[in-house]
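Listed here are the chains, written in short residue letters.
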Amino acid sequence: ALAPLFSPAKNRDILADRLTLARECESAIQIASEPMLAAIRLQWWVEAIETGRHEQVPLMLRLSARIEAGEVDAAELTQQIGLWQDRLASAPEDSGSCWAGCFAMLAPHHTEAAKTTANDLFGDGPPPDTAMLASLGGSETRWLWMLAKLCHHRQRHAGREDPLLVWRMLAWRM
């Protein structure tokens with residue numbers, strides 16, 4: 001939830017909406033009692049994006065406005081949803097691969113670091129190494145750098161709660 005705060009202000013809202021769409025897709029699979037119900041919910045998002053039908057859903061209203069303004073490509077959004085549709089058809093329990101693909105779409109010049117970070121956060125992969133962290137120094141990927149730092153922190157503090165985590169994250173931002 002704090003990741004978009006680490007991206008430049010001009011990209012922050014778009015990144016937040018793309019991550020929220022990813023969360024909606026993840027929820028579609030987790031909440032549904034049957035795979036068919038999840039497939040219907042995911043397909044609703046695809047059709048809403050393709051047709052511009054928003055039905056007063058706040059996220060869809062924002063995405064429709066971004067598509068109309070040319071800030072976001074509808075095909076890229078449906079491709080993002082497709083990650084979860086493919087997962088539903090092949091490996092419903094594998095959330096790490098969807099998030100890895102999503103992060104790679106959001107950080108196209110840092111796909112390896114994006115996939116590694118997502119697999120650590122949402123799967124059972126190892127955290128990004130120091131070289132990957134160093135490659136994420138630009139402002140466009142600061143959100144991904146923060147999540148990678150969180151992976152390292154989580155590994156060092158495994159099994160222990162860190163009441164100062166939010167303050168540490170703010171210090172990492174500086």
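The rules behind these values
- Residues numbered from 1 in each chain as written.
- Predicted model: local features only at pLDDT ≥ 70, side-chain atom pairs only at ≥ 80, totals over all residues.
- Heavy atoms only, no water.
- Helix = DSSP H or I, 4+ residues; strand = E, 2+ residues; numbered from the N terminus.
- Buried < 20%, exposed > 50% of the residue type's maximum accessible area, 1.4 Å probe, protein only.
- Polar contact = N/O pair within 3.5 Å; in protein donor to acceptor, adjacent residues only side chain to side chain.
- Contact = heavy atoms within 4.5 Å.
- Salt bridge = Lys/Arg side-chain N within 4 Å of Asp/Glu carboxyl O.

Student: Would you mind showing me how to read unusual backbone geometry here?
Tutor: The bulk of non-glycine residues show a negative phi, and the bulk of peptide bonds are trans. Here the phi dihedral of E55 falls at roughly 50°; this positive angle occurs in a residue that is not glycine. In this structure, Q56 is a non-glycine residue whose phi angle is positive, near 65°. Along the chain, Q56 turns up in the loop between α2 (35-51) and α3 (58-69). A relative accessible area of 57% places Q56 in the exposed class.

Student: Quick question: what am I supposed to make of the side chain of D17 here?
Tutor: The topology assignment puts D17 in helix α1 (residues 9-31). Looking at D17, the relative accessible area reads 4%, which means it is buried. A distance of 2.8 Å separates the side chain of D17 from the side chain of R62, its partner in a polar contact. Excluding its chain neighbours within four sequence positions, the residues that come into contact with D17 are L59, R62, L63 and R66.

Student: How should the environment of V57 be read in this particular structure?
Tutor: If you trace the backbone, V57 turns up in the loop between α2 and α3. Given the relative accessible area of 26%, V57 is considered partly exposed. Between the C-alpha atom of V57 and that of I67, which follows or precedes it by 10 residues, the distance is 15 Å. What V57 contacts, discounting residues up to four positions off in sequence, is W44 and W45.

Student: How do you make sense of the pattern of salt bridges when you look at a structure like this?
Tutor: Charged atoms that come close allow side chains of opposite charge to pair. In total, this model carries 8 salt bridges according to the counting rule given. Of the charged contacts in the structure, one is a salt bridge between R18 and E76, with a shortest N-O distance of 2.9 Å. Pair noted here: R18 is in helix α1 and E76 is in helix α4 (residues 74-90), with a separation of 58 residues, a long-range link. Overall, the relative accessible area of 6% leaves R18 in the buried class. Among the residues examined, E76 registers a relative accessible area of 30% and is labelled partly exposed. Its salt-bridge partner being R66, residue E71 comes within 2.8 Å of it at the nearest N-O pair. Overall, R66 belongs to the buried group, its relative accessible area being 14%. A cluster of three or more residues bridged by salt bridges with shared partners is formed by D17, R62, R66 and E71.

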